[in-house]
Amino acid sequence: DLQLSSFIAGVDYNVPVTGNLMFNLGGQLRYGTKTSEGSFYNVASGKHTTTLFGLDVPLFFNYTFPITGDLKMTVLAGAKASYGFMGKTKHEGNVLGISGGTEDDWYDANGMNRNRFNLSGITGVVFSFNQFRLFYDFSWGFLDMDNNDNTKTAISSMNFGLGIEL
C-alpha cells in the first residue's frame, strides 16, 4: 500500500453539454514522494524513499448545483489515463553499524518492472466560491502495474486540494 504526498499542477477545460452538465478534459503533472523508516532493536534500521513523476489526463462528466449566488457544488465521474515519466525507490539501511543502499527504477525491466501506463476510474466533488475551488477526488486503478508475478498491483489515489479558476 503506497500513499504518496503529491503536488499536482495542471489545466482543464469544461465543454458545455447541456444546462449544468459539462464534459471536462485536461492535463496534470503529478510529483509525489513518500519516506518510511523502521528499526529492529537498535540492531538494524532502514529507510525507503519512493518518488514518482508523471502525467495524468482526466476525462470526466461533471454536473454543477448552485447553492447560493457565489457558492456552487460540482460532482464528477469519469476516467483518468496516467503515464509515468520517472519512478524510483531508494533503500538505505544499517545493520550492526554497516551501512548500504540500493535504488530501484520503477519502469526498468532490471528494476521493479512496473507499467508506465495506468487507466483509472475517477469520482469526486468540487466546491467553488467565486474563482476559488476546494476539491476532493478518488481514482481507482483498473490495470495491473506489476509485470513480475501473478498478483494484481493496482494504483489508486485520493486527492484533496485548492484551485483557482482563471
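Look up: the structure comes first, before these words.
Residues numbered from 1 in each chain as written. Predicted model: local features only at pLDDT ≥ 70, side-chain atom pairs only at ≥ 80, totals over all residues. Heavy atoms only, no water.

Draft legend 1. The arrangement of the pairing of strand β7 (residues 132-141) in detail. Sheet topology places strand β6 (residues 117-129) next to β7; 10 bridges connect them, and they run antiparallel. Paired with F127 across the two strands is L134, which belongs to β7. Hairpin connection between β6 and β7: a loop of two residues separates the two successive antiparallel strands, and N130 in this loop has a positive phi of roughly 55°. Note: β7 against strand β8 (residues 157-164), eight bridges, orientation antiparallel. Residue pairing in the sheet places F138 in a bridge with M158 of β8. (Pairing = 2+ DSSP bridges. Helix = DSSP H or I, 4+ residues; strand = E, 2+ residues; numbered from the N terminus.)

Draft legend 2. Representation of the environment of R116 within the structure. Mapped onto the fold, R116 is located in the loop between β5 (98-105) and β6. Judged by relative accessible area, which is 32%, R116 ranks as partly exposed. Distance in space between the C-alpha atoms of R116 and S82 is 7.9 Å, their sequence separation being 34 residues. With residues up to four places along the chain from it excluded, the contact list for R116 reads S82, Y83, G84, F85, M86 and Y107. A polar side-chain atom of R116 sits 2.8 Å from the main-chain carbonyl oxygen of G84. (Buried < 20%, exposed > 50% of the residue type's maximum accessible area, 1.4 Å probe, protein only. Contact = heavy atoms within 4.5 Å. Polar contact = N/O pair within 3.5 Å; in protein donor to acceptor, adjacent residues only side chain to side chain.)

Draft legend 3. Representation of a nonpolar patch on the surface in the model. A grouping of L29, Y83, F85, F117, L119, F138, W140, F142, M158 and F160 is seen on the molecular surface, where their side chains present a nonpolar patch of about 980 Å² in accessible area. For the nonpolar patch, the elements supplying multiple residues, two or more each, are β4 (71-95), β6, β7 and β8. Relative to the assigned elements, Y83 resides in strand β4. (Patch = residues over 30% accessible without salt bridge, like charges linked within 9 Å, V, L, I, M, F, W, Y side chains within 5 Å. Areas by Shrake-Rupley, 256 points an atom, 1.4 Å probe, with all protein chains shown as cover. Salt bridge = Lys/Arg side-chain N within 4 Å of Asp/Glu carboxyl O.)

Draft legend 4. Expanded view of the packing of aromatic side chains. In total, this model carries seven aromatic pairs according to the counting rule given. Note on F53 and F85: the rings are 5.6 Å apart at their centroids and 40° apart in plane angle, and the pair reads as tilted. Of the two residues, F53 sits in strand β3 (residues 44-66) while F85 sits in strand β4, which places them 32 residues apart along the sequence. Of the residues examined, F53 reaches a relative accessible area of 30% and is grouped as partly exposed. Here the aromatic rings of Y136 and F160 are separated by 5.0 Å at their centres, their planes lie at 45°, and the arrangement is tilted. In this pair, Y136 is assigned in strand β7 and F160 in strand β8, connecting sequence segments 24 residues apart. The exposure class of Y136 is partly exposed, given its relative accessible area of 29%. Here F160 falls in the exposed class, since its relative accessible area comes to 62%. One aromatic cluster in this structure is built from F53, Y83 and F85. One cation-aromatic arrangement involves R114 over W106; the distance from NZ or CZ to the ring centre is 4.7 Å. (Phe/Tyr/Trp six-rings, centres within 6.5 Å; stacked < 30°, edge-to-face > 60°. Lys NZ or Arg CZ within 6 Å of the ring centre and 35° of its normal.)

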